[in-house]
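What follows is the residue order along each chain.
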Amino acid sequence: MSSPHPRSERARTPVDDPRYAEVVAGILARNPEHRIHPTLDRVREACGLLGDPQRAYRVVHVAGTNGKTSTARMVERLVREHDLRTGRFTSPHLVDVTERISIDGEPISRAAFVRAWDDVEAVVDIVDARAAERGDPRLSFFEVLTLMAFAAFADAPVDVAVVETGLGGTWDTTNVVEPDVAVVTPVAMDHEAWLGSTLEEIAAQKAGIVKHGATFVVGRQEEEAAGVLLARAAAERVTVLREGADFGVESRSLAVGGQLLSLRTRGGLYTDVLLPLHGAHQASNAAVALAAAEALLALPGDTLVPGLVEAAFTDATSPGRLEVLRTSPLLVVDSAHNPAGARALAEAVAEAFTLTRLVGVVAIAGDKDVEGVLAALEPVLAEVVVTRTSSDRSLEPAELADIAEGVFGEDRVHVAERLDAALTTAVDLAESEGGPGAGVLVAGSVVLAGDARLLLARGGAR
């Protein structure tokens, strides 16, 4: 069976709209997504005024610290292969905000983005006014985008929406959905200022998406996080599928452009699955995605059609995640921005690429565990060029260099004020001693990954 939707990701051409820049500027002027107002009341109110569009389709809700976006993309791709219309809401974006809202695998056009805003604008104004009367802030950037996504999915209409949380879970704007499947990918230390200073506290926030009636798919977890997540599952009396116990990666081997997997679920064994993504962490994400899709689409104990699963994974993409932007010299970009993500990245680079020399280009937000990220990358990098991103949250290059010198040593650290200069320096350093087998790794920030894609003319992510 072939779907009319799977290849739509490459078939449609974005349509521009003269109001797009004005609409985006207005939304961006609102509180940023990392400035949390811990309540779902305003979003629930807005959804109610819109007719609760988030209830018009089945939902897979994805939370976690690392792997959320890749997993969400794979779930969507698996569902789409089964002749179902899909919506996908992920964050943050790499280049263009329209990337966050996708229908049938394709980011909505700029014209469609404007239409989505027009559909919710009157309700946003009402909720903003009521909030002001109470002395509360108006709806944030992320809250508005979430409402737009819900409305766009209902208007399409889609059969299934795959919805990624923005930050945490319990108070995340997306947590007004009633999921058929709730997914929590690996939980690690990140966003401590908002989610808590321990793994248990962070896991408790992620567990907030687990609700009675859903199937709960749990990626591989540290013991402290697992205990919290399973306690929530017991309290909500949900069916639990745990990576390692109920599903997982049976085997994996390197293949051209990715890896060949055998994946086990409660339904059975899927063999010869080609995944064009690198690293053990992406194999694990694939197992989680398959378990979630099977829970959504198959009866308990049944498998999905193996041919459809293979076709979906073969076509899987995850821009900005160990993505090769150039081959001569090799230039790879990754969004890893916390120590756990950076460790997974370092392991994947060492496994997937045979390089004579690898030089890093790194920029990191000031509120991250900067030393932890650098320490995770240090074993695979001969030298590092520190720079800044286009975000005002980016650590100043000089300050980042001071921290990097404590990890790498002064003679292995170089400073560039702009990304273009950093890339030029890194290529020169790589090729000067590594020759044609050298490479450059750009990592440390989602914003940096997007900046690199834009600079190298890859543009927005599909």
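Residues numbered from 1 in each chain as written. Predicted model: local features only at pLDDT ≥ 70, side-chain atom pairs only at ≥ 80, totals over all residues. Heavy atoms only, no water.

> Can you walk me through the packing of helix 3 (residues 41-49) against helix 6 (residues 141-155) in this structure?
For any two helices packed against each other, one specifies the crossing angle of their axes together with the interaxial distance. With their axes 11 Å apart at the nearest point, helix 3 and helix 6 run at an angle of 30° to one another. On the basis of the axis angle, helix 3 is roughly parallel to helix 6. The interaxial crossing formed by helix 3 with helix 6 has right-handed handedness. Between helix 3, through Arg42, Val43, Ala46 and Cys47, and helix 6, the contact on the second element is made entirely by Glu143, Leu147 and Phe150. (Axes fitted to C-alpha atoms, helices over the stretch in contact; angles between N-to-C directions. Helix = DSSP H or I, 4+ residues; strand = E, 2+ residues; numbered from the N terminus. Parallel < 35°, antiparallel > 145°, perpendicular 65-115°, else oblique. Left-handed = near helix turned anticlockwise from the far one by under 90°. Contact = heavy atoms within 4.5 Å.)

> Is there a simple way to think about helix 2 (residues 20-28) in this case?
Think of an α-helix as turning once every 3.6 residues; residues three or four places apart then point the same way. Burial in helix 2 covers these residues: Tyr20, Val23, Val24 and Ile27. In an axial view of helix 2, the angular spread of the buried residues amounts to 95°, which keeps them on one side of the axis. Turned more than 90 degrees from where helix 2 packs its buried face, Ala21 and Glu22 sit exposed. Buried residues belonging to helix 2 abut helix 5 (110-134) and helix 6. (Buried < 20%, exposed > 50% of the residue type's maximum accessible area, 1.4 Å probe, protein only. Arc of directions from axis to C-beta.)

> What is the right way to read the packing of aromatic side chains from this model?
Between two aromatic rings, the relevant description is the distance of the centres plus the angle of the planes. Applying the stated criterion across every chain yields a total of three aromatic pairs. Measuring from centroid to centroid gives 6.0 Å for Tyr57 and Phe153, while their planes differ by 80°, and the two rings are edge-to-face. Residue Tyr57 is located in the loop between helix 3 and strand 1 (58-63), and its partner Phe153 is located in helix 6; the two are separated by 96 residues in the primary sequence. Residues Tyr57 and Phe153 agree in their burial class; the two are buried. (Phe/Tyr/Trp six-rings, centres within 6.5 Å; stacked < 30°, edge-to-face > 60°.)

> Before we go on, may I ask you to explain the pattern of salt bridges in this structure?
Side-chain pairs of opposite charge can arise where the charged atoms are in close proximity. One pass over the full model with this rule turns up 26 salt bridges. A salt bridge links Arg77 to Glu81; the nearest nitrogen and oxygen atoms lie 2.9 Å apart. Classification of Arg77 as buried rests on a relative accessible area of 2%. Ionic pairing is found between Arg264 and Glu250, a salt bridge with its closest N-O pair at 2.9 Å. Here Arg264, found in strand 10 (residues 258-264), pairs with Glu250, found in strand 9 (residues 248-255); they are 14 residues apart in sequence, far enough to count as distant. (Salt bridge = Lys/Arg side-chain N within 4 Å of Asp/Glu carboxyl O.)

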